[in-house]
Amino acid sequence: MKKSIITMMLALVTMAGQAQTKTVTITGSSLALKDGTLVVAGTGMSLSVVDTVQSGRFAFALPIEELSAGILSLVGEGCPNFSFSLMMKPDVTIKLTGTDCIYPLWKVESPIPEQQTMNRVTEHCRDVIKELIQIQQKKDWNKLDSINMVYMKKQMDILPSLPVDAASLHVLWFISRLLKNMKDFPYVEELKSLEKSFVARAPKGFKAQLAEIHTYLYPPHVLQVGEEATDAELFDMQGNKHHLLEGLSDGRYLLLDLWSIGCGPCRMAEPEMREVYERMKDKLEIVGINEDKLSSWKNSDFSKRIVWKNWNDGKKGSSISSRYCDEGAVPYYILISPDKRIVMKKSGYYTGMFLGLADAINGLSIKQDNSTNLELSIRKVEANANGTTISFRYYSHKEYGFRIVKDSYLEANSKKYKLTAADGITLDETNYTTVKATDSTEEFLRDLNYADFTLTFEPFETIPTTFDFKEGDGEDVFVIRNISLK
């Protein structure tokens with residue numbers, strides 16, 4: 001799984017074209033490195049392969065506008081799967097040297113004062129970093145979470161003795177941000193104490209970073225499905241102000257898309273989102289909310305080609321994510337109904353999910369909630385005394401199989417109605433989509449197909465107003481709720 005994540009990162013995550021001219025230069029050397037080892041680097045979430053190792057050496061220049069925390073990773077034989085944080089600044093050269101492949105512990109020579117802070121953190125955590133790397137090499141995944149927790153605690157222990165600068169704030173920010181996805185973090189009170197200390201000691205210029213950290217430690221109520229959406233003020237690339245919910249004024253649904261330039265799945269999703277947007281302009285508005293620095297957002301070629309509303313809050317999306325997102329991940333999607341109710345929240349992108357979403361809201365199919373598995377939608381329902389027959393459509397990449405189990409059932413009025421027949425698919429076996437979903441030859445769209453099939457179930461004792469479809473009772477099964485017979 002770890003290798004798959006690295007492979008996806010290299011295949012999908014790219015640096016968007018930037019109009020920047022300022023750069024930081026980074027060189028590295030270790031005779032232990034194998035030729036062809038990939039060098040991956042960037043700032044924030046914008047990562048790319050920037051060089052390959054030859055004769056134990058690498059060197060590259062990275063566009064950068066201001067002092068920032070960057071990331072360096074080496075991907076090759078003997079190299080650990082570890083994100084190495086570096087403080088980067090324009091017109092500076094940073095030199096990394098080592099005698100092995102354990103690059104997170106190499107010597108870092110840099111004129112940047114904040115890098116000295118980062119070096120102190122690394123040195124304090126040297127032993128636990130070694131242990132983390134050994135666990136990864138041995139693939140002893142059962143120990144990984146507990147050692148990661150030790151690593152975070154070690155970083156927290158040294159923070160009080162460090163100056164409050166961009167490096168120490170980055171460490172505190174990174175740990176605090178994890179609270180979004182870790183509900184039982186054992187050191188919350190210590191983090192809160194650290195935050196108070198940092199606020200008291202911080203020089204001018206760090207107000208925004210401290211405010212973001214405070215939001216993670218004292219999170220506001222996160223809006224849930226069924227609740228009324230709240231408005232917010234954002235602005236476009238020309239600096240014009242907009243209200244988040246203004247797209248609802250004409251009765252359309254509103255899809256919020258929280259994204260980042262360096263996010264591979266965000267880029268993969270764009271062609272299908274564009275296809276759906278063009279088909280459904282009269283029923284669906286999309287607002288993209290970028291989570292990068294303003295300069296990166298405005299200069300990105302990818303950002304400039306977005307055809308729907310492309311906005312920013314100037315706070316890396318935190319004003320929206322803190323209110324709407326249950327986890328810190330991109331892409332993250334929120335669907336809001338014309339009456340301002342949240343009807344869907346979902347992280348990640350799956351091929352076909354937007355076409356399935358379109359089926360559920362564009363009037364071609366009956367009312368339903370397919371938000372758990374957007375790729376699957378219901379097109380038609382016939383319920384009578386002989387049984388209930390449902391016409392389904394499933395969207396997917398043509399090479400990705402799917403299966404429906406014979407234990408699928410309908411649920412209405414606390415009763416289950418068994419599956420009795422299937423047409424168009426083979427139950428309990430892998431099926432594939434065979435009909436092209438679009439005429440596009442564009443990558444990520446040309447191989448997007450669908451499959452239509454019908455399932456018949458036992459007849460309802462009493463015809464319900466709504467019912468649910470469940471593909472068995474296991475985990476990760478297809479579920480469609482609140483299917484309407486009106």
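Preceding block: the structure.
Attention in this report is confined to the structure presented alongside it. Given the structure is predicted, the values throughout are model-derived calculations rather than measurements.

In terms of helices and strands, the protein carries twelve helices and 23 strands. For 486 residues, the compact-globule estimate of 2.2 N^0.38 gives 23 Å, and the C-alpha radius of gyration of the protein, at 25 Å, lies within 12% of that figure. Relative to its full complement of 486 residues, the protein shows a buried share of 50%. In the protein, once contacts between residues fewer than 6 apart in sequence are set aside, the share between residues at least 24 apart is 65%. About 22900 Å² of surface is accessible on the protein, with carbon and sulfur atoms providing 49% of the total. Taken as two groups, the 58 positive and 64 negative side-chain charges of the protein have centres that lie 4 Å from each other.

Turning next to the packing of aromatic side chains. One pair of aromatic rings is described through two measures. These are the centre distance and the angle between the planes. Within the structure shown, the criterion is met by 19 aromatic pairs. Ring plane angle 85° and centroid distance 5.7 Å describe the contact between phenylalanine 185 and tyrosine 187, whose orientation is recorded as edge-to-face. Ring pairs connect the aromatic residues Phe392, Tyr394, Phe402, Phe453, Phe457, Phe469 and Phe478, which therefore count as one cluster. The ring centre of tyrosine 187 lies 5.6 Å from the NZ or CZ of lysine 153, which sits over that ring. Taking the ring centre of tyrosine 409 as reference, the NZ or CZ of lysine 416 above it sits at 4.6 Å.

Taken as a whole and judged by the stated rule, the model has one disulfide. Disulfide partner of cysteine 263: cysteine 266, at an S-S distance of 2.4 Å. Residues cysteine 263 and cysteine 266 are joined through a disulfide that is right-handed, its torsion about the S-S bond being 85°. Here cysteine 263 and cysteine 266 have matching classes, each one buried. Cysteine 79 takes part in no disulfide bond, and the closest cysteine sulfur, belonging to cysteine 101, lies 4.6 Å away. A residue is classified by how much of its surface remains accessible, and cysteine 79, at 15% relative accessible area, is buried. The exposure class assigned to cysteine 101 is buried, which follows from its relative accessible area of 11%.

Taken in spatial order, the four strands make up an open sheet running β3-β2-β5-β6, and their pairing is antiparallel. Of all the strands in the sheet, just β3 (46–52) and β6 (84–88) have a single pairing partner and so form its edges. In this sheet, adjacent strand axes meet at a mean angle of 30° when their direction is disregarded. Pairing between strand β5 (residues 68–75) and β6: five bridges, direction antiparallel. Looking at β6, one finds that glycine 70 is bridged to leucine 86.

Quick look at the nonpolar core now. In this structure, Phe58, Leu72, Leu96 and Leu191 are the most contacted members of the largest nonpolar core, which totals 60 residues. Looking at this core, the element that brings in the most residues is helix α4 (residues 144–158), giving seven residues. Each residue touching leucine 72, except ones within four places of it in the same chain, is listed here: Val39, Val40, Ala41, Phe58, Phe60, Phe82, Ser83, Phe84, Leu86, Leu96 and Tyr103. Grouped together as the second largest cluster of nonpolar side chains are 36 residues, Trp259, Ile286, Tyr349 and Leu448 included.

Tracing the backbone through its elements, the reader meets histidine 243 in strand β10 (residues 241–243). Put simply, histidine 243 and arginine 341 are 98 residues apart on the chain and 16 Å apart in space, counted from C-alpha to C-alpha. Beyond its immediate stretch of four places on either side in the chain, histidine 243 contacts Asp231, Ala232 and Trp311.

Applying the stated rule across the entire model yields one cavity of 30 Å³ or more. Its volume calculated, the largest cavity comes out at about 60 Å³. Around the largest cavity, the lining residues are Asp257, Trp259, Cys266, Ala269, Glu270, Met273, Phe302, Ile306, Trp308, Pro331 and Tyr333. For the lining of the largest cavity, the secondary structure elements donating two or more residues are β11 (253–259) and α8 (264–279). Among the elements that take part in the lining of the largest cavity, α8 stands out by supplying four residues, more than any other. A class-by-class count of the residues in the lining of the largest cavity yields nine nonpolar, no polar and two charged.

Here the structure, examined in full by the defined rule, presents 23 salt bridges. Among the salt bridges present, the one from arginine 274 reaches glutamate 442, with a minimum N-O distance of 2.8 Å. Note that arginine 274 is positioned in helix α8 and glutamate 442 in the loop between β20 (435–436) and β21 (448–457), a separation of 168 residues in sequence. Judged by its relative accessible area of 30%, glutamate 442 falls in the partly exposed class. We note a salt bridge from lysine 415 to glutamate 461, for which the minimum N-O separation is 2.4 Å.

This part takes up the environment of asparagine 81. Within the fold, asparagine 81 resides in the loop between β5 and β6. Residue asparagine 81 is classed as partly exposed on the basis of its relative accessible area, which comes to 33%. Taking the C-alpha atoms as reference, asparagine 81 lies 8.9 Å from glutamine 137; in sequence the two are 56 residues apart.

Quick look at the side chain of glutamine 115 now. Considering the arrangement of structural elements, one finds glutamine 115 in helix α2 (residues 113–124). Within the local environment of glutamine 115, its side chain forms a polar contact with the backbone nitrogen of methionine 87, the two atoms lying 2.8 Å apart. Not counting the four nearest positions on each side in its chain, glutamine 115 is found in contact with Leu86, Met87, Val108 and Ser110.

Calculation criteria
Residues numbered from 1 in each chain as written. Predicted model: local features only at pLDDT ≥ 70, side-chain atom pairs only at ≥ 80, totals over all residues. Heavy atoms only, no water. Helix = DSSP H or I, 4+ residues; strand = E, 2+ residues; numbered from the N terminus. Rg over C-alpha atoms; globule rule 2.2 N^0.38 Å. Buried < 20%, exposed > 50% of the residue type's maximum accessible area, 1.4 Å probe, protein only. Contact = heavy atoms within 4.5 Å. Areas by Shrake-Rupley, 256 points an atom, 1.4 Å probe, with all protein chains shown as cover. Lys, Arg positive; Asp, Glu negative; His and termini not counted. Charge placed at Lys NZ, Arg CZ, Asp CG, Glu CD. Phe/Tyr/Trp six-rings, centres within 6.5 Å; stacked < 30°, edge-to-face > 60°. Lys NZ or Arg CZ within 6 Å of the ring centre and 35° of its normal. Disulfide = S-S within 2.5 Å. Pairing = 2+ DSSP bridges. Axes fitted to C-alpha atoms, helices over the stretch in contact; angles between N-to-C directions. Core = buried A, V, L, I, M, F, W, Y, C linked by side-chain atoms within 4.5 Å. 1 Å grid on protein atoms, 1.4 Å probe; cavity = no way out; pocket = protein on both sides within 12 Å on 5 of 7 lines; lining within 4 Å. Points joined across faces, edges and corners; volume = space filled by probe spheres on them. Nonpolar A, V, L, I, M, F, W, Y, C, P; charged D, E, K, R; others polar. Salt bridge = Lys/Arg side-chain N within 4 Å of Asp/Glu carboxyl O. Polar contact = N/O pair within 3.5 Å; in protein donor to acceptor, adjacent residues only side chain to side chain.

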